[in-house]
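# Fold and geometry: a report
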Amino acid sequence: MFRTVLLDANNEIIFIPNGTLSNNIVVNSSESERLLGSVSLLIDYNDDLDKARALLLGLTEQDERVLKDPAPSVSFLPKPANIQVTLGFWSAPGDVSSLVGKYSEESIKVLQKAGYRLGVTARAAA
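In this convention, every chain numbers its residues from 1, walking through the sequence in written order. Reporting of local features is limited, given that this is a predicted model, to residues whose pLDDT is at least 70; pairs of side-chain atoms are given and counted only at 80 or more, and all residues count toward the totals for whole chains, interfaces and linings. Heavy atoms throughout the structure, all of them, feed into the side-chain values; hydrogens and water do not.

### A short note on the pairing of strand β6 (residues 83-91)
Put simply, the test is: Between buried and exposed lies partly exposed: a residue is buried under 20% and exposed over 50% of the maximum accessible area for its type, with that area taken using a 1.4 Å probe on protein chains only. Secondary structure elements are defined from DSSP: runs of H or I of at least 4 residues count as helices, runs of E of at least 2 residues count as strands, and each element is numbered from the N terminus. Only when DSSP finds a minimum of two bridges between them are two strands counted as paired.
Counting buried residues in β6 gives nine out of nine residues, a clear majority hidden from the surface. Burial along β6 is two-sided: the face carrying I83, V85, L87, F89 and S91 and the face carrying Q84, T86, G88 and W90 are both buried. Across nine bridges, strand β4 (residues 35-43) lies against β6 in antiparallel orientation. Bridge assignment links L42 to a residue of β6, and that residue is Q84. Here strand β5 (residues 73-78) runs beside β6; their pairing, made up of six bridges, is antiparallel. Paired with L77 across the bridge in β6 is Q84. Where β5 hands over to β6, the hairpin turn is made up of four residues, counted between the paired strands.

### Examining the pattern of salt bridges
Opposite charge on two side chains lets them pair, provided their charged atoms get close. Heads up, the rule is: A carboxyl oxygen of Asp or Glu within 4 Å of a side-chain nitrogen of Lys or Arg is what we treat as a salt bridge.
For the structure shown, the criterion picks out five salt bridges. A salt bridge links D63 to R65; the shortest N-O distance between them is 3.3 Å. Residue classification places D63 among the buried positions, given a relative accessible area of 8%. Beyond isolated ion pairs, a larger network of salt bridges with shared partners links D63, R65 and K102.

Laid out in structure tokens, this is it:
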């Protein structure tokens, strides 16, 4: 009666006050059991997509903070000059920010070491 509660695509709970005295939207990540984090990088059209997927998923395999269900994933989005590759993973709300930072750096290093030429666009979904 006093608020509207929404669940967004990242599994965050959003409280929207209904009262005329309140005019702010509150996003409460702490009430969710898990949140989606993601890191995106730009790779060349000539790069090996299967290898990129394997390298990025390999980063999350031994990390106990990354949930196994739903499993981490890698997706590709064609852009005019390159391909955006995104590593997506689910974790507890308190871990998302640090994991995005960790995987932003590690993704760059592992792909550069494998010979990929990168343009980077890392972001947190949380």
